[in-house]
Amino acid sequence: MSRSSASAAIATLGIDLGKNSFHLVGQDQRGAIVLRIKLSRSQLTQRLANIPPCLIGMEACAGAHHIGRQLQALGHDVRLIPAQYVKPFLKGHKNDYRDAEAIAEAVQRPTMSFVAIKTPEQMDLLALHRVRSRLVSQRTGVTNQIRGFLLERGITVRQGLVPLRQALPGILSSSSDALSLRIVHLIADLAEDWRRLDERIAHVSAEIEALAAEDEHCQRLMSVPGVGPIISSAVVAAIGTGAGFKQGRDFGAWLGLVPKQESTGDRTILGKISKRGNKSLRTLFVQAAHVVLVRRPHGARLGLWPWIETAGRRLHRNMLVIALANKLARIAWAVLARGHAYQPRSASHAV
């Protein structure tokens, strides 16, 4: 078969992505392989611009969203697949062409779950959140190191950033022999690192809040109790309008806020939460649940509180927090998917 006839016969195309090279396997309507080729990054769009629109599958990995948008602009139906869902379709020993063939097989399954291709605006928001998460992690490491050095000298400080920040000047300026001059200088340098990280976190957070204030989806999400600019923008960056999920339960399961199920036969065995999906977003929803339980915002008292009181009578507080986080996630999906702000029911109805 000539190259032109092979290109015309392609119905499904699997692409194994690499940094500089891509391996492509094309299949016709019957599933027979009609194309097997390796292309460089610069050749990919040129080559695919010359074939009729077809179904293209790729693993959801670094760079996949950018390439997906480029191929969509050429008229192709592009779908991103989580890498763990491709592995069962791999036959024989692993190589790049077999990976591409497995992707081509997986993308045709009618029950396959796909990842929605993110827009450039979503990628910008996601990048800001990843930078903020890294800075917060670094700040936690610095403060833990300070606490560790102090504990080795018999000095303990109450848990939390604020107590440590308040106690540190007095500890470093005291005339006690517990701390040597060298360790005082070292902790002072770590405190300066902490101050710079606080400034960076505040700057990135302000940028996220500014973007959230301009986005209508974020504004609707912030009507949900416990959800502020950070959580709302993180949700929009991760799932856009929520079109990738059929219902709120699917979003909660994707976040890993549901029990891990290992059932067989007629026995249903539920364990701890699965912790699948986006760890950072799951953590934010758990923090939002804590805020709702402690501060009891007006929106929660109107709609969520009857459910919280009923669940609280039968659940441990930690389990209640996870259950509430799951409910908040489902409400957030509904707000995005249905296009209107959170509307709490009256206190006489459980949500």
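Further up the page is the structure itself.
Per chain, residue numbering runs from 1 following the sequence as it is written. Only residues with pLDDT of at least 70 get local features here, since the model is predicted, and only at 80 or more are side-chain atom pairs given and counted; chain-wide, interface and lining totals rely on the full set of residues. Side-chain metrics rest on all non-hydrogen atoms present in the structure, leaving aside hydrogens and water.

Engineer: Can you help me understand unusual backbone geometry in this one?
Structural biologist: Residues apart from glycine generally show negative phi values, whereas peptide bonds are mostly found in trans. For K275, which is not a glycine, the phi torsion comes out positive at approximately 55 degrees. Within the secondary structure, K275 sits in the loop between β7 (270-273) and α12 (279-295). Residue R296 is not a glycine yet carries a positive backbone phi of 50 degrees. Helix and strand definitions here come from DSSP, where helices need a minimum of 4 consecutive H or I residues and strands a minimum of 2 consecutive E residues; each element is numbered from the N-terminal end. Mapped onto the elements, R296 comes out in the loop between α12 and α13 (298-312). When a residue's accessible area, from a 1.4 Å probe over protein chains only, is under 20% of the maximum for its type it is buried; when over 50% it is exposed; and in between it is partly exposed. R296 sits in the partly exposed class, given a relative accessible area of 44%.

Engineer: Looking at this model, I keep getting lost on the layout of surface pockets. Mind explaining?
Structural biologist: A probe as big as a water molecule, rolled over the atoms, marks out the empty space that is left. Residues are called lining when one of their atoms sits within 4 Å of a cavity or pocket point, these points coming from a 1 Å grid over the protein atoms alone, where a cavity is a set in which a 1.4 Å probe fits but cannot get out and a pocket is an open set with protein on both sides within 12 Å along at least five of seven lines. Grid points are joined across faces, edges and corners, and a volume is the space filled by probe spheres set on the points. Of the volumes computed, that of the largest pocket is approximately 1400 Å³. Lining of the largest pocket is provided by 45 residues; of these, P82, F114, V115, F245 and W254 occupy positions nearest its centre. Secondary-structure elements contributing two or more residues to the lining of the largest pocket are α3 (64-73), α4 (83-86), α6 (120-152), α10 (229-239), α11 (248-255), β6 (259-261) and α12. Top element by residues in the lining of the largest pocket is α6. It accounts for five residues.

Engineer: Help me out: how do you make sense of the pairing of strand β1 (residues 12-16) in this one?
Structural biologist: Walk down a regular strand and you will see the side chains alternate between the two sheet faces. The buried fraction of β1 is high, at five of five residues. Neither face of β1 is exposed, since T12, G14 and D16 on one face and L13 and I15 on the opposite face are all buried. Paired strands, in this sense, are two strands between which DSSP finds at least two bridges. The antiparallel hairpin formed by β1 and strand β2 (residues 21-27) contains four residues in its connecting segment. Bridge analysis of β1 against strand β4 (residues 55-59) gives four bridges, and the strand direction is parallel. Note that in β4 the partner of L13 across the bridge is I56.

Engineer: Even after reading the chapter, I still don't get the pattern of salt bridges, so can you show me in this structure?
Structural biologist: Two side chains bearing opposite charge may form a pair once their charged atoms approach each other closely. A side-chain nitrogen of Lys or Arg and a carboxyl oxygen of Asp or Glu constitute a salt bridge if their distance falls within 4 Å. Inspection of the entire model under this criterion finds 10 salt bridges. Between R165 and D198 there is a salt bridge, and its shortest N-O distance comes to 2.9 Å. Here R165, found in helix α7 (residues 161-173), pairs with D198, found in helix α8 (residues 181-214); they are 33 residues apart in sequence, far enough to count as distant. Beyond isolated ion pairs, a larger network of salt bridges with shared partners links E192, D193, R195, R196 and E199.

Engineer: Just checking my understanding: could you explain the side chain of D16 for this structure?
Structural biologist: Along the chain, D16 falls in strand β1. Counted as positive: Lys and Arg. Counted as negative: Asp and Glu, with His and the chain ends omitted from the count. No salt bridge is formed by the buried D16. Its closest oppositely charged neighbour is K94, at 6.0 Å. Should any heavy atoms of two residues lie within 4.5 Å, those residues are counted as being in contact. Each residue touching D16, except ones within four places of it in the same chain, is listed here: S21, F22, H23, D96, D99, A100 and I103.

Engineer: Teacher, can you tell me more about the side chain of H65 here?
Structural biologist: Tracing the chain through its elements places H65 in helix α3. According to the relative accessible area criterion, H65 is buried, its value standing at 11%. For H65, the residues in contact, after removing those within four places along its chain, are L80, V115, A116, I117, K118 and M123.

Engineer: Just to check I follow, could you spell out the environment of R130 for this structure?
Structural biologist: With respect to the secondary-structure elements, R130 resides in helix α6. Here the alpha-carbon distance between R130 and A234, two residues 104 residues apart in the chain, equals 9.7 Å.

Engineer: Is there a simple way to think about the state of the cysteines in this case?
Structural biologist: Cysteine pairs can be linked by a disulfide, which is a covalent bond between their two sulfur atoms. Cysteine sulfur atoms that pair up within 2.5 Å are treated as a disulfide. With the rule as written, the count across this model stands at zero disulfides. Its sulfur unpaired, C54 is 18 Å from the next cysteine sulfur, which belongs to C61.

Engineer: Is there a simple way to explain α6 in this structure?
Structural biologist: Along an α-helix, a turn takes 3.6 residues, which lines up residues three or four apart on a common side. The first and last C-alpha atoms of α6 sit 48 Å apart over 33 residues, in line with the 48 Å expected at 1.5 Å per residue. Every buried residue of α6 is listed here: Q122, L125, L126, L128, H129, L135, R139, V142, T143, I146 and L150. Along its buried surface, α6 packs onto α7, α8 and α10. Where α6 ends, the next residue or the one after it, G154, has phi of about 80 degrees, a positive value. Every helix has an expected span of 1.5 Å times one less than the residues it contains.

Engineer: Which parts of the structure should I look at to understand the environment of R30?
Structural biologist: Positionally, R30 belongs in the loop between β2 and β3 (33-40). Expressed as a C-alpha distance, the spacing of R30 and S175, which sit 145 residues apart in the sequence, is 83 Å.

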